[in-house]
Amino acid sequence: MAVIGWTVAGMAGPNDDGWEDKLQEQFSLLSATLVEVKEGYKLWEYTRGGFDTGILDLSDEVLILILCLLDPTSLLRVGATCRTLFRICSCNSLWTHHFQASFGVPFTTPTCSVTAKDSFRLVSMWKTLFRNLHCNRRLQEELFAQVPFPPHRYWTQWLVLEETVPLPAVSLSAADIQTFWGVREDILQANVEDKDEESNILKFEWKELYSLARQQHGSVGKIFQYVLNQQDNNDHKELEAMFYQYTQYRFQWLFTYWLFRQPAPFNRQLRAIFLQWRKHNKRKVAKWGGTLCDVRYLASLHPITADYWRGKLAQRDETVGIQIVENYFSMCKSLVAWILGRDWGRLKRRKVYEDTLDGVYLLLHRELQEGLVDHQRFWEVAKVQMARICTLEETAANYVNWKMIENLPYYRLYMVSGNPVYLGHLQNFLQRKWLVHNWIHLEDNTWVRNLLPDHLYSLMEYHSKISQDSLHGDGVLGQLSRLIWLYLNSGQMLYLEAVKGLVLQYAQGCLVYWKSTI
């Protein structure tokens, strides 16, 4: 019998509720045998009888009662700490419970030649891979390579566990069907509808054979045990390697499949919504769905898709995470329809859309990490954000000021909290900008306006933006930009007086120079 071992390296980590996903990551590393664990890793072995007593001074029976409260991932991590706990955590009674809880069938130890722990590991890997067959090209190649004939014997044996298999009808000899499904020949002959008399090849649908196997064995649980017994002497390296590859790239595979494998009309709608009012590289987007398409770049266009790509949604549950992505873009579609129904200019529409999505992400960031966020929840938050964005737009009075105040910390604080105090800070910022504007337009300052160059005069205007580049440098432009920015943010009159003094000094210097040239 082949020894199915468990690598214990790299299992330490915090405990959380997403144990199914964590378990997948643990399985990808579980390839060493017990002998390798003992000899290679040289785990510390607890010695009883020390001065201080600890948890290992409890009897094995008591420890098992404690360990049965753990989920599979936590059980693996505890077993990775020392030899004693590795032995106890491998107890059949612990894994029999998890086997039934995960797969819905009982595990009978006396009738199965594979331990409950190894059975749980193998079936978990197979079920995970088969469930995601639609996006796993490597497994597709294994299962479909010999169509219309069944796949390799190893993979055919695993397919016996599945009631629905996306393959053509099985064409095998009665002896092979008996070996794979464990169905007696008389039952096969009584139910066969298509038979080649010369070669004695029987033809069955996969679902028919599953039904006959269930009839033969008496329950689904016994089918599981039959398959595990058949797989006992097989080499599972390919399954392990395929599972490890899946755990490494599952988010990228699922996202790519979801993005490009929609039905034709939905695919066009998704592309339109995905790129709507988002700054993107047209050259990269032009390869949408093609072999050379940069999917990582497309994922980076939205913070939620970027998080999914990195496995940061729904406690790293790839299935729930892709549902979140679907709900997000459903909300985006509703948001676009709402914005297009308003009489706004192109730039303003884009600004409302971008800020609303940013606000939704900021508010739901933690919820997205923990679990499923449905369309209704997305839309509720989006409506609140749109109301706040509209308030900010009215406060800014024009697009230039709107773009300027978005860099202020109070802007995002108001988006997230809706606290009117932060809105008041933004209003005060713009009011100070009006004071600077009104001062330069005083009648007494007409001569100043006439002498100032355009790049300095524009800084004093209300409907102008102070760029980040203008804040740097030792010239007059840099000095004036910094003084105005300090005044707008702090409200201290000291800076306003400094602005006035610098402008008047510069204008006076220009006047003296002008007179000297006459």
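Enquirer: Explain the overall build of the chain to me, and be specific about the residues and the numbers.
Expert: Secondary structure summary: the chain contains 28 helices and 3 strands in total. Split into buried and exposed, the 518 residues of the chain put 46% on the buried side.

Enquirer: Please give an account of the packing of aromatic side chains that cites residues and values.
Expert: All chains considered together, the criterion is met by 30 aromatic pairs. Seen from their ring centres, Trp-95 and Phe-120 are 5.3 Å apart, and the 50 degrees between their planes marks the pair as tilted. A residue pair is termed long-range when its members are at least 10 positions apart, and Trp-95 in helix α6 (residues 92-103) and Phe-120 in helix α7 (residues 116-131) qualify at 25 residues. For Phe-120, a relative accessible area of 1% translates into the label buried. Seen from their ring centres, Trp-277 and Tyr-353 are 5.2 Å apart, and the 65 degrees between their planes marks the pair as edge-to-face. A residue pair is termed long-range when its members are at least 10 positions apart, and Trp-277 in the loop between α15 (264-275) and α16 (282-285) and Tyr-353 in helix α20 (residues 346-370) qualify at 76 residues. Cluster of aromatic residues (ring-pair linked, three or more members): Phe-251, Phe-255, Trp-258, Phe-260, Phe-274, Trp-288, Tyr-308, Trp-309, Tyr-328, Phe-329 and Phe-378. Over the face of the ring belonging to Phe-86 we find Lys-117, whose NZ or CZ atom lies 4.4 Å from the ring centre.

Enquirer: Please give an account of empty space enclosed by the protein that cites residues and values.
Expert: Under the criterion given, the structure shown has 2 cavities of 30 Å³ or more. Approximately 40 Å³ is the volume attributed to the second largest cavity. Around the second largest cavity, the lining residues are Leu-143, Val-147, Pro-148, Phe-149, Pro-150, Pro-151, Leu-167, Pro-168, Ala-169, Val-170 and Trp-206. The residue makeup of the lining of the second largest cavity, split by class, is 11 nonpolar, no polar and no charged.

Enquirer: Residue-level account of the side chain of His-437, with values.
Expert: By the secondary structure assignment, His-437 is in helix α24 (residues 420-440). Owing to a relative accessible area of 13%, His-437 belongs among the buried residues under this scheme. Polar side-chain contacts of His-437 include one of 3.2 Å to the backbone nitrogen of Tyr-462. Each residue touching His-437, except ones within four places of it in the same chain, is listed here: Met-460, Glu-461 and Tyr-462.

Enquirer: Break down the nonpolar core for me, citing the residues and quoting the values.
Expert: Counting residues in hydrophobic clusters, the biggest one holds 148 residues, and the most contacted among them are Trp-158, Trp-181, Leu-298 and Phe-378. Sequence-distant contacts of Phe-378, defined by excluding residues within four places in its chain, comprise Ile-304, Ile-324, Asn-327, Tyr-328, Met-331, Val-360, Leu-364, Leu-368 and Val-373.

Enquirer: Describe the layout of surface pockets, listing the residues and the values that go with them.
Expert: Considered as a void within the structure, the largest pocket measures approximately 500 Å³ in volume. Forming the walls of the largest pocket are 15 residues, and the residues nearest its centre are Arg-137, Trp-253, Thr-256, Tyr-257 and Arg-261. At the level of elements, α8 (137-144) and α14 (237-260) are the ones that each hand at least two residues to the lining of the largest pocket. With 4 residues, α14 is the single largest residue contributor to the lining of the largest pocket. When its residues are assigned to classes, the lining of the largest pocket shows 7 nonpolar, 6 polar and 2 charged.

Enquirer: Explain the packing of α15 against helix α19 (residues 318-340) residue by residue, including any values.
Expert: Where α15 contacts α19, the two axes come as close as 10 Å, and the packing angle between them is 75 degrees. In this view, α15 runs roughly perpendicular relative to α19, as classed from their interaxial angle. Here Gln-269, Leu-270, Ile-273 and Phe-274 of α15 lie close against α19, whose contacting residues are Phe-329, Cys-332, Lys-333 and Val-336. Partitioned by chemical class, the residues of the contact of α15 with α19 number 6 nonpolar, 1 polar and 1 charged.

Enquirer: Outline the pairing of strand β3 (residues 201-204), supporting the account with residue identities and numerical values.
Expert: Alternating positions in β3 separate cleanly, Leu-202 and Phe-204 being buried on one face and Ile-201 and Lys-203 remaining unburied on the opposite face. Both strand β1 (residues 170-173) and β3 contribute to a ladder of 4 bridges, which runs antiparallel. Residue pairing for β3: Ser-171 is matched across the bridge by Lys-203.

Enquirer: Now, about the environment of Leu-172: what can you tell me, with residues and values included?
Expert: Position of Leu-172 among the secondary structure elements: in strand β1. You can call Leu-172 buried: its relative accessible area is 12%. Expressed as a C-alpha distance, the spacing of Leu-172 and Phe-149, which sit 23 residues apart in the sequence, is 8.3 Å. Ignoring anything within four residues of it in the chain, the contact list for Leu-172 reads Pro-150, Ile-177, Phe-180, Trp-181, Asn-200, Ile-201 and Leu-202.

Enquirer: I'd love a proper account of the confidence of the model for the chain, names of residues and values included.
Expert: Residues at a pLDDT of 70 or more form 89% of the chain, whose mean pLDDT is 86. Of all helices and strands in the chain, the one with the weakest mean pLDDT is helix α2 (residues 34-40) (40), whereas helix α18 (residues 303-309) scores best (96). Residue range residues 1-17 is modelled with pLDDT below 50. Its contacts to residues more than four positions away, or to other chains, number 54 contacts. Considering only residues more than four positions removed or in separate chains, one finds that residues 29-50, a stretch of pLDDT under 50, has 48 contacts.

Enquirer: Describe unusual backbone geometry, and please don't skip the residues or the numbers.
Expert: Along the chain, Val-147 connects to Pro-148 via a cis peptide bond; the corresponding omega equals 15 degrees. Here Pro-148 shows up in the loop between α8 and α9 (153-159). Of note in the backbone geometry, Arg-316 takes a positive phi value of approximately 65 degrees without being a glycine. Along the chain, Arg-316 turns up in the loop between α18 and α19. Residue classification places Arg-316 among the partly exposed residues on the basis of a relative accessible area of 24%. Within the chain, Ala-397 stands out as a residue other than glycine whose phi angle is a positive 75 degrees. Given the relative accessible area of 56%, Ala-397 is considered exposed.

Conventions we followed
Residues numbered from 1 in each chain as written. Predicted model: local features only at pLDDT ≥ 70, side-chain atom pairs only at ≥ 80, totals over all residues. Heavy atoms only, no water. Helix = DSSP H or I, 4+ residues; strand = E, 2+ residues; numbered from the N terminus. Buried < 20%, exposed > 50% of the residue type's maximum accessible area, 1.4 Å probe, protein only. Phe/Tyr/Trp six-rings, centres within 6.5 Å; stacked < 30°, edge-to-face > 60°. Lys NZ or Arg CZ within 6 Å of the ring centre and 35° of its normal. 1 Å grid on protein atoms, 1.4 Å probe; cavity = no way out; pocket = protein on both sides within 12 Å on 5 of 7 lines; lining within 4 Å. Points joined across faces, edges and corners; volume = space filled by probe spheres on them. Nonpolar A, V, L, I, M, F, W, Y, C, P; charged D, E, K, R; others polar. Polar contact = N/O pair within 3.5 Å; in protein donor to acceptor, adjacent residues only side chain to side chain. Contact = heavy atoms within 4.5 Å. Core = buried A, V, L, I, M, F, W, Y, C linked by side-chain atoms within 4.5 Å. Axes fitted to C-alpha atoms, helices over the stretch in contact; angles between N-to-C directions. Parallel < 35°, antiparallel > 145°, perpendicular 65-115°, else oblique. Pairing = 2+ DSSP bridges. pLDDT = per-residue confidence, 0-100.

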